[in-house]
Amino acid sequence: MLIRAKAPLRLGLAGGGTDIATYYNLYGGYVLNATVDMYAYCILEPQENGNVLFKAADLEKEETYPAESRLPHTHTLPLHIGIYNRIVADYNQGRPLSFVMTTYSDAPAGSGLGSSSTMVVAIIKAYTEWLNLPLGEYDIASLAYRIEREDLHLAGGKQDQYAATFGGFNFMEFYHDERVIVNPLRLKRWIRNELEASLILYYTGVSRESAAIIQKQIEYTEKGNTRSIESMHELKKQAVFMKEALLKGDFKNFSACLLHGWLAKKNAAESISNPFLDALYQYVLDKGAESAKISGAGGGGFMMIYCNPRNRISLIKALKQREGLVLTPSFTEIGTQAWTIYNT
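Computed from a predicted structure; not experimentally measured.

A. Region of the structure containing the pairing of strand β5 (residues 99–105). In terms of burial, β5 is largely enclosed, as 6 of its 7 residues are buried. Where strand β2 (residues 29–46) lies against β5, 7 bridges are found, and the strand directions are antiparallel. Within β5, the position partnered with leucine 44 by the bridge is methionine 101. In terms of strand pairing, strand β3 (residues 51–56) meets β5 through 5 bridges, oriented parallel. If you follow valine 52 over to β5, its bridge partner there is phenylalanine 99.

Okay, here's the thing in structure tokens:
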């Protein structure tokens, strides 16, 4: 028997950064995002040999431990260990589990597509399937967030865990009492098709440590940095405007929101952009793009580019002349999934 699970990666369309606790605890946060057909995967194979083997195939990392109630934290695969410790303590009465776990992702770490949090969701979903845990979507997303932020003390926002769990286009609200409301958007099919035809993902080849960028935003918010806080207010406002534009199929205003959101994002912390990204941004505009933004915390990773579909092929050809990876993903409406395979 083995369990497979997967969770979709997300594009942060607007409002990213207002899902950080130091901001939403004071002002409330709004985020608009959508999941795409790129995934984090987990394969869990129960064993009876008294060992735990973690394999991160894409990272080429592997760790083996005796199955115990609590595994020691390491810097090699901290997410895998943190999730194991929380699952065993809270959902298995402290009884050790023995298994082989293999994970991999369609996007590299530091891509800006929420890959780390999405992996946490996929792993939790695999445990939920194996142990038949009574966890719904909000439960899984909240647990993933607590493991990352409370157990492992990783700085970050809150949207990724909910996007990966719920899937689809969602307008999310974050409040001071840890209350989260996920509002699924019912987009007309032609709007979704038009958006898919208009978007390009370009991987800059520059991975970045999102936690360091987010930590700087946290510090600015805690210190009451006026420029940073006003930028976050603008990001929140653009999330509302973009939601309305999407629901109406108003792509002129969608593009404007993407542009205004990126300009506001750049003002939230210095490390969000840099000369390389600024030059790349100007390059895509010169080659036919209408607007763009760096997905996630900024600093590198994927650039999300919006263009008129008639210019898409020429823009893709121009991007392929540079070092980097060009993708044209489709949107997915389904969140994390798990299933059991017998007689393997």
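There is more to say, and it comes next.
B. Broad picture of helix α5 (residues 159–166). Along α5, 8 of the 8 residues are buried, which leaves the element largely enclosed by surrounding structure. Gln159, Asp160, Gln161, Tyr162, Ala163, Ala164, Thr165 and Phe166 are the residues of α5 that are buried. On the buried face of α5, the contacting elements are β1 (2–14), β2, α3 (115–131), α4 (137–151), β6 (169–174) and β7 (180–184). Looking at the residues trailing α5, positive phi occurs at glycine 167, about 75°.

C. Representation of helix α2 (residues 78–91). With 14 residues, α2 extends 19 Å between its outermost C-alpha atoms, agreeing within 8% with the 20 Å of an ideal straight helix rising 1.5 Å per residue. Within α2, 10 of the 14 residues are buried, which leaves it mostly tucked inside the rest of the structure. Of the residues making up α2, those classed as buried are Leu79, His80, Ile81, Gly82, Ile83, Tyr84, Asn85, Arg86, Ile87 and Val88. Just beyond α2, the residue with positive phi is glutamine 93, at close to 50°.

D. Here's a closer look at the packing of helix α8 (residues 226–248) against helix α9 (residues 251–266). Running from N to C, α8 and α9 point in directions that differ by 165°, and their axes come no closer than 9 Å. Looking at the two axes, α8 sits roughly antiparallel to α9. At the point where α8 passes α9, the crossing takes the left-handed sense. In contact with Ser231, Glu234, Leu235, Gln238, Phe241, Met242, Ala245 and Leu246 of α8, α9 contributes Asn253, Phe254, Cys257, Leu258, His260, Gly261, Ala264 and Lys265. Tallied by class, residues from the contact of α8 with α9 come to 9 nonpolar, 5 polar and 2 charged.

E. Structural detail: the pairing of β7. Bridging between β6 and β7 involves 5 bridges; their strand directions are antiparallel. When the bridges of β7 are listed, phenylalanine 171 appears paired with asparagine 183. In textbook terms, the turn of a hairpin is the stretch between consecutive antiparallel strands, and for β6 and β7 this stretch comprises 5 residues, one of which, glutamate 178, has a positive phi near 65°.

F. Structural context of the sheet that holds strand β9 (residues 289–294). One open sheet holds the 4 strands; their spatial order is β9-β10-β8-β11, and the pairing between them is antiparallel. The open sheet has two edge strands, β9 and β11 (325–327), and neither has a second partner. Each strand of the sheet is rotated relative to its neighbour by a mean of 25°, with strand direction disregarded. Here 3 bridges tie strand β8 (residues 199–203) to β11, and the two strands are oriented antiparallel to one another. Across the sheet, residue tyrosine 203 finds its bridge partner in β11, namely leucine 325. Together, β8, β9 and β10 (302–307) form the strand contacts of helix α10 (residues 275–286), whose direction differs from that of β9 by roughly 155°. The strands touched by helix α11 (residues 312–320) are β8, β9, β10 and β11; relative to β8, the strand with the most contacts, the crossing angle is about 5°.

G. How the structure looks around the pattern of salt bridges. Summed over the entire model, instances satisfying the criterion amount to 12 salt bridges. A salt bridge links arginine 86 to aspartate 151, with the shortest nitrogen-to-oxygen separation between them at 2.9 Å. Residue arginine 86 is located in helix α2, and its partner aspartate 151 is located in helix α4; the two are separated by 65 residues in the primary sequence. Here the salt bridges do not stand alone but share partners, grouping Arg86, Asp90, Glu150 and Asp151 into one network.

H. Representation of the packing of α4 against α5. Here α4 crosses α5 at 145°, and the two axes come no closer than 9 Å. Where α4 crosses over α5, the handedness of that crossing is right-handed. Taken together, the residues of α5 that come into contact with α4 (itself represented by Glu137, Tyr138, Ile140, Ala141, Ser142, Ala144, Tyr145, Glu148 and Arg149) are Gln161, Tyr162, Thr165 and Phe166. Looking at side-chain class alone, the contact of α4 with α5 contains 7 nonpolar, 3 polar and 3 charged residues.

I. Region of interest: the nonpolar core. Counting 38 residues, the largest nonpolar core has Phe54, Ile83, Tyr84, Phe99, Met101, Ile124 and Tyr127 as the members making the most contacts within it. Looking at this core, the elements that each hand over two or more residues are β1, β2, β3, α2, β5, α3 and α4. Ranked by residue count, the leading element in this core is α3, at 8 residues. Discounting chain neighbours no more than four positions away, the residues touching phenylalanine 54 are Lys61, Glu62, Glu63, Tyr65, Leu71, Leu77, His80, Ile81, Tyr84, Phe99, Met101 and Tyr127.

J. Spatial organisation of the packing of aromatic side chains. Scanning the model with the defined rule gives 21 aromatic pairs in all. Seen in terms of ring centroids, phenylalanine 54 and phenylalanine 99 are 5.8 Å apart; in terms of plane orientation they differ by 65°. Their pairing is edge-to-face. Linking phenylalanine 54 in strand β3 with phenylalanine 99 in strand β5, this pair joins segments that are 45 residues apart in sequence. Overall, phenylalanine 54 belongs to the buried group, its relative accessible area being 0%.

Rules of the game
Each chain has its residues counted from 1, following the order in which its sequence is written. The predicted nature of this model means local features are confined to residues of pLDDT at least 70 and side-chain atom pairs, given and counted, to a pLDDT of 80 or more, with totals for whole chains, interfaces and linings taken over all residues. Calculation of side-chain values draws on the structure's entire complement of heavy atoms; hydrogens and water are dropped beforehand. Residue exposure (1.4 Å probe, protein chains only): buried if accessible area is under 20% of the type maximum, exposed if over 50%, otherwise partly exposed. Elements are defined by DSSP. Helices are runs of H or I of four residues or more, strands are runs of E of two residues or more, and each kind is numbered from the N terminus. A strand pair is defined by DSSP finding two or more bridges across the two strands. Whether two residues touch is decided by their heavy atoms; if any such pair falls within 4.5 Å, the residues are in contact. What a helix should span is 1.5 Å times the count of its residues minus one. For helices, the fitted axis covers only the stretch in contact; all axes are lines through C-alpha atoms, and the angles between them, taken along N-to-C directions, range from 0 to 180 degrees. An angle below 35 degrees is treated as roughly parallel, one above 145 as roughly antiparallel, one from 65 to 115 as roughly perpendicular, and anything else as oblique. For any helix crossing, the convention is left-handed if the near helix is rotated counterclockwise from the far helix by under a right angle, and right-handed if that rotation is clockwise. For this classification, Asp, Glu, Lys and Arg are treated as charged, while Ala, Val, Leu, Ile, Met, Phe, Trp, Tyr, Cys and Pro are nonpolar and the rest, including Gly, are polar. Salt bridge criterion: a side-chain nitrogen from Lys or Arg within 4 Å of a carboxyl oxygen from Asp or Glu. Nine residue types can take part in a nonpolar core, namely buried Ala, Val, Leu, Ile, Met, Phe, Trp, Tyr and Cys, and a core is a set of them joined through side-chain atoms within 4.5 Å. Put simply, two rings from Phe, Tyr or Trp (the six-membered ring, in Trp's case) pair if the centres are within 6.5 Å, and we call them stacked under 30 degrees between planes, edge-to-face over 60, tilted for the rest.

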